[in-house]
Amino acid sequence: TTRLVGRGDYAYGGGYTNHASEHEARIALATFFVTMLGDLRGYLSAPSPGSPPVADRERYMRYRAGCGDAPGSPLHILAANFVGSGQFDAFAAARLAEVAARRPVPDDAPLFSLASNHHRVNRVEFRPAEIRQSVRAVASRRDLPGRHAAVWSDSVRRRAADLTSPQAYPGDRRGAVAQLARDCAESSIILGEATMVLWTRMQEGRGLNWRKALHALEVLRYLLLNGPVGAVAEAADGLGTLRLLRNYSDALRGQNSRLVRDVASEVCGLVSDLPLLFARRRECMDRRRRVAASDAAGGRGDPRRKETRMLRGISRFADVHGALRPGGARVAP
């Protein structure tokens, strides 16, 4: 587990990962997405000659039908749901931006971009047989040894180390923790890298370094409530360590030790009581949805968020009701 692997120099430790299975899963997922969305001609069309292309839903459904996805088939239903969502427009807009930039695809780009570019540059048809061969060939190139994932993994380890450092975080700490949770949700390897740093920080939290244990517990609590479900299993692997931290007394000051014990008790209680944990996770998910809806509506999406203004010229509390509801306010006797 990452709790045991984390002992030592986590900045250079590779951890325990099944590289063969991860490689095959990466190839399988890239093959599927290149087959569905790799060909730009399948979902982009120009309204008139000389005009820039735009996303065309009907063209994409005809393209998928021509590839063998008959109406009523599982892939046809999947494509129809994808076209009906906002993800289709966002994906098409991102691809258009890449084409308009006219930049070469870098070597550390995701496998989807590398394989799609391989088909376009070498004029290879986007057929399933050719796509499977090209994706495996690109993923197996020795000059591309998973560089994108390696750079990503290294950045996540360093961010987790900075978030759990005794020094103040140089930037938006809340935003960095939220981004760490999103990165962990993208890949189980990234989740393992982040939790490996957290367990190591908890072991280092002695004496003047008590903030390492405190910050590691706070980040782990955030991952349990807002991160992927896999964070629950990672925390359960270190339940023994969490129980020991409930009796933490290694800080030089008693109030600092109490801070570590309080957070450790909360995290240990969440891991030990799964119904409570998942109830808290649903509350956090609902809160994130309300905030996202409010931000999308310019701050007016959440009906619970009311605008507050300074009320001037009011000296009695009873007059506040009349100021807020001039049409007829009733004050309790």
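Residues numbered from 1 in each chain as written. Predicted model: local features only at pLDDT ≥ 70, side-chain atom pairs only at ≥ 80, totals over all residues. Heavy atoms only, no water.

> Hey, could you run me through the overall build of the protein chain in this one?
Along the protein chain, the regular secondary structure elements total 16 helices and two strands. Residue pairs in contact within the protein chain that sit at least 24 positions apart in sequence constitute 63% of those at least 6 positions apart. Accessible area for the protein chain stands at about 20,300 Å²; split by element, carbon and sulfur atoms hold 54% of it. (Helix = DSSP H or I, 4+ residues; strand = E, 2+ residues; numbered from the N terminus. Contact = heavy atoms within 4.5 Å. Areas by Shrake-Rupley, 256 points an atom, 1.4 Å probe, with all protein chains shown as cover.)

> Even after reading the chapter, I still don't get the nonpolar core, so can you show me in this structure?
Buried together is how nonpolar side chains tend to be arranged in soluble globular proteins. The biggest cluster of nonpolar side chains holds 40 residues, and the ones touching the most others in it are M202, L217, L220 and L242. Where this core is concerned, the elements lending two or more residues are α8 (147-163), α9 (173-186), α10 (188-204), α11 (210-226), α12 (230-237), α13 (239-245), α14 (254-272) and α15 (274-296). Residue contributions to this core peak at ten residues, all from α11. In this structure L217 touches M202, L242, L245, V260, V263, A264 and V267, once residues within four positions along its chain are discounted. Core analysis: the next-biggest nonpolar cluster, separate from the first, contains 26 residues, V83, F112, A115 and V135 among them. (Core = buried A, V, L, I, M, F, W, Y, C linked by side-chain atoms within 4.5 Å. Buried < 20%, exposed > 50% of the residue type's maximum accessible area, 1.4 Å probe, protein only.)

> Please explain the packing of aromatic side chains as it appears in this structure.
Working definition: an aromatic ring pair is given by the centre-to-centre distance plus the angle between the planes. Inspection of the entire model under this criterion finds eight aromatic pairs. Ring geometry for F32 and F33: centres 5.2 Å apart, planes at 75°, overall edge-to-face. Given the relative accessible area of 40%, F33 is considered partly exposed. The interplanar angle of 85° and the centroid separation of 5.7 Å between the aromatic rings of F82 and F88 together place this pair among those described as edge-to-face. Side by side, F82 and F88 carry an identical accessibility label, which is buried. One aromatic cluster is present, built from ring pairs that chain together Y43, Y60, Y63, F82, F88, F91 and F112. (Phe/Tyr/Trp six-rings, centres within 6.5 Å; stacked < 30°, edge-to-face > 60°.)

> What is the right way to read the environment of T200 from this model?
Relative to the helices and strands, T200 resides in helix α10. Given a relative accessible area of 3%, T200 falls into the buried group.

> Explain a nonpolar patch on the surface to me, please; I cannot follow it from the model alone.
Side chains of L29, F32, F33, L75 and L78 sit close together on the surface and give an oily, nonpolar patch of about 420 Å² of accessible area. Looking at the nonpolar patch, the elements with two or more residues in it are α2 (19-37) and α4 (74-83). When residues in the nonpolar patch are grouped by element, the largest group, three residues, is from α2. If you trace the backbone, F33 turns up in helix α2. (Patch = residues over 30% accessible without salt bridge, like charges linked within 9 Å, V, L, I, M, F, W, Y side chains within 5 Å. Salt bridge = Lys/Arg side-chain N within 4 Å of Asp/Glu carboxyl O.)

> Whenever I open this one, α9 confuses me. Can you help?
Since the α-helix turns once every 3.6 residues, residues separated by three or four places project in the same direction. Helix length check: α9 (14 residues) gives 20 Å between terminal C-alpha atoms against 20 Å at 1.5 Å per residue, within 8%. For α9, the set of buried residues is A176, V177, A178, L180, A181, D183 and C184. Two to three positions downstream of the cap, the backbone nitrogen of R174 sits 3.4 Å from a side-chain oxygen, assigning the N-cap of α9 to D172. (Expected span 1.5 Å × (residues − 1). Polar contact = N/O pair within 3.5 Å; in protein donor to acceptor, adjacent residues only side chain to side chain.)

> I tried to follow the side chain of S73 on my own but got confused; where do I start?
Note that S73 resides in the loop between α3 (57-66) and α4. Residue S73 is classed as buried on the basis of its relative accessible area of 19%. Within the structure, the side chain of S73 is placed 2.6 Å from the backbone oxygen of A70, a separation counted as a polar contact.

> Could you clarify how one ought to interpret the environment of T35 in this entry?
You can see T35 is positioned in helix α2. According to the relative accessible area criterion, T35 is buried, its value standing at 17%. Along the backbone, T35 and R132 are 97 residues apart, and their C-alpha atoms lie at a distance of 8.8 Å. When near neighbours in sequence (up to four residues on either side) are disregarded, T35 contacts Y63, R64 and I131.

> I would appreciate a short explanation of the confidence of the model for the protein chain in the present structure.
It should be kept in mind that the predicted coordinates are not to be read in detail where pLDDT is low. Of all residues in the protein chain, 81% have pLDDT values of 70 or greater, and the mean over the chain is 81. Taken element by element, the protein chain is modelled with least confidence in helix α1 (residues 2-5), mean pLDDT 46, and with most confidence in α11, mean pLDDT 93. This model gives residues 1-16 a pLDDT under 50, and the stretch forms 31 contacts once residues within four places in sequence are excluded. In this model, residues 301-310 is a region of pLDDT below 50 whose contacts with residues beyond four sequence positions or in other chains number seven contacts. (pLDDT = per-residue confidence, 0-100.)

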